[in-house]
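Examining the three-dimensional arrangement
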Amino acid sequence: MNQQSSNAQASVILTGDRPTGPLHLGHFVGSLRNRVTYQDQYRQYIMLADAQALTDNMDDIGKVHRNVVEVALDYLAVGIDPAKSTILIQSQIPELAELTFYYLNLVTVSRLERNPTVKQEIVLRGFERDIPAGFLVYPASQAADITAFKASIVPVGEDQIPMIEQCNEIVRRFNRDAGRDILVECKAIVPEVGRLPGIDGKAKMSKSLGNTINLGASADEIRAAVKQVYTDPLHLKVSDPGHIEGNVAFTYLDAFDTDKAALAEMKAHYQRGGLGDSVVKKRLEGILQELIGPIRERREELAKDKGEVLRILKEGTFKAREVAAQTMDEVRKALGLSYF
Ligand code: TRP
């Protein structure tokens, strides 16, 4: 008997990703490795948010379609187990769209425009005045995703906290109007190790910045990426004292090196002077090869049978839809939209 069935009281977790590209080490640190832990402690739903991805990718629907299976392969390769976690495809659960439609009456346009994440993304994507309406309202759709499963825990990156706040506003308003607690408020949990910088030293590892190390990276790609990792531009000679802060090689070692004592020693040596970047990078490369190697191999194995991946997604989606339909039923009744 697995954890889910042995503990019916387990809290529900809902997480998800927009499938717009392969997942990388930033995702691994920010969410994937935590999900592998959570699946033994909670009832975990992991959503491939393809419909949300379309809100800013209508010019490239092929990309979204392709990446649903690619991201699912990443999930399975890192150890997300479909027997413990329910992996689902957002667009295949029409109840999520239906919930969104009603939630839109519980938020105002100005509130959506004030959502800091939406605001930032509008600038980032250069929408200016030409904001797709579906994009502007995606916080309501995200609230639908979360509440459909009555999730009480939503692990997200810091940038997603405004979505959780807005979700809870919708929940409180809905429950107040309904006169009883039908929807469940949720709590964001943000990973301890914050966002991973890109190999170029930019604050965020991201596909659009081209500074990632992907989970499917080949040994050669890992080697080449580590060579490019930004270190300390003032550390010119081995004998020079080096700086740790802003030094991406050490940020990565902090995130992935499990031998903390050896790492502390290496840091001290680097700061004292007498330790070259090449030694630090050699250690980093070894650790990343060891981390990514098995993920890549599992990924390649799984990718041989995409039919099996689709079967897993279909089963997860079917299971999730039953849960969403139950919530939908309660919501429709509370809104007086139940007739027969
Ligand atoms: N907005 C998330 C992202 O940008 C994806 C997402 C969609 C999500 N629905 C969600 C995350 C619900 C957590 C909960 O990647």
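All values derive from a computational prediction rather than experimental measurement.

**Looking at the site of the ligand**
Around the ligand lies a shell formed by L14, G16, R18, A49, Q52, Q142, D145, I146, V154, V156 and Q160. In this structure, Q52 approaches the ligand through a side-chain N or O atom, which is 2.8 Å from a nitrogen atom. Relative to its unbound accessible area of 360 Å², the ligand is 89% covered by the protein chains. Counting only elements with at least two residues in the shell around the ligand, the list comes to strand 1 (12–17) and helix 9 (138–148). With 3 residues, helix 9 is the single largest residue contributor to the shell around the ligand.

**Examining the packing of aromatic side chains**
Applying the stated criterion across every chain yields a total of 7 aromatic pairs. Taken together, a centroid distance of 4.7 Å and an interplanar angle of 25° make the contact between Y45 and F149 stacked. Taken as a pair, Y45 in strand 2 (residues 43–48) and F149 in the loop between helix 9 and strand 4 (153–155) lie far apart in primary sequence, 104 residues in all. Each of the two residues, Y45 as well as F149, counts as buried. With centroids separated by 5.2 Å and ring planes inclined at 65°, the aromatic side chains of F127 and F135 adopt a geometry described as edge-to-face. Feature note: the residues F127, F135 and Y138 constitute an aromatic cluster, connected by ring pairs. Above the face of the Y138 ring, R18 is positioned so that its terminal group lies 4.7 Å from the ring centre.

**So, helix 11 (residues 219–228)**
Within helix 11, the full set of buried residues consists of I222, A225 and V226. Taken around the axis of helix 11, the buried residues stretch over an arc of 100°, which confines them to a single face. Of the exposed residues in helix 11, those oriented more than 90 degrees away from the buried face are D220, K227 and Q228.

**Remarks on the side chain of N57**
Relative to the elements of secondary structure, N57 occurs in the loop between helix 3 (50–54) and helix 4 (61–78). In this structure the side chain of N57 is engaged in a polar contact, spanning 2.9 Å, whose partner is the backbone oxygen of A53. For N57, the contacting residues outside a window of four places in its chain are T20, K63 and V64.

**Brief notes about the pattern of salt bridges**
On inspection of all chains with the given rule, the structure shows 24 salt bridges. Between D177 and R173 there is a salt bridge; the shortest N-O distance is 3.0 Å. Here the residue D177 and the residue R173 both occupy positions in helix 10 (residues 161–178), the gap between them amounting to 4 residues, near one helical turn. Judged by its relative accessible area of 48%, D177 is partly exposed. Overall, R173 belongs to the partly exposed group, its relative accessible area being 32%.

**Quick look at the pairing of strand 2**
Taken across its 6 residues, strand 2 has 5 buried, putting it largely inside the fold. Where strand 1 meets strand 2, 6 bridges bridge the pair, whose relative direction is parallel. Looking at strand 2, one finds that T15 is bridged to I46. Handedness of the crossover joining strand 1 and strand 2 through helix 2 (residues 25–38): right-handed. Bridging between strand 2 and strand 3 (residues 85–89) involves 5 bridges; their strand directions are parallel. Residue Y45 lies in a different strand from strand 3, and its bridge partner there is T86.

What counts, and where the lines are drawn
Residues numbered from 1 in each chain as written. Predicted model: local features only at pLDDT ≥ 70, side-chain atom pairs only at ≥ 80, totals over all residues. Heavy atoms only, no water. Near = heavy atom within 4 Å. Polar contact = N/O pair within 3.5 Å; in protein donor to acceptor, adjacent residues only side chain to side chain. Areas by Shrake-Rupley, 256 points an atom, 1.4 Å probe, with all protein chains shown as cover. Helix = DSSP H or I, 4+ residues; strand = E, 2+ residues; numbered from the N terminus. Phe/Tyr/Trp six-rings, centres within 6.5 Å; stacked < 30°, edge-to-face > 60°. Buried < 20%, exposed > 50% of the residue type's maximum accessible area, 1.4 Å probe, protein only. Lys NZ or Arg CZ within 6 Å of the ring centre and 35° of its normal. Arc of directions from axis to C-beta. Contact = heavy atoms within 4.5 Å. Salt bridge = Lys/Arg side-chain N within 4 Å of Asp/Glu carboxyl O. Pairing = 2+ DSSP bridges. Right-handed = clockwise from strand over helix to strand, strands pointing away.

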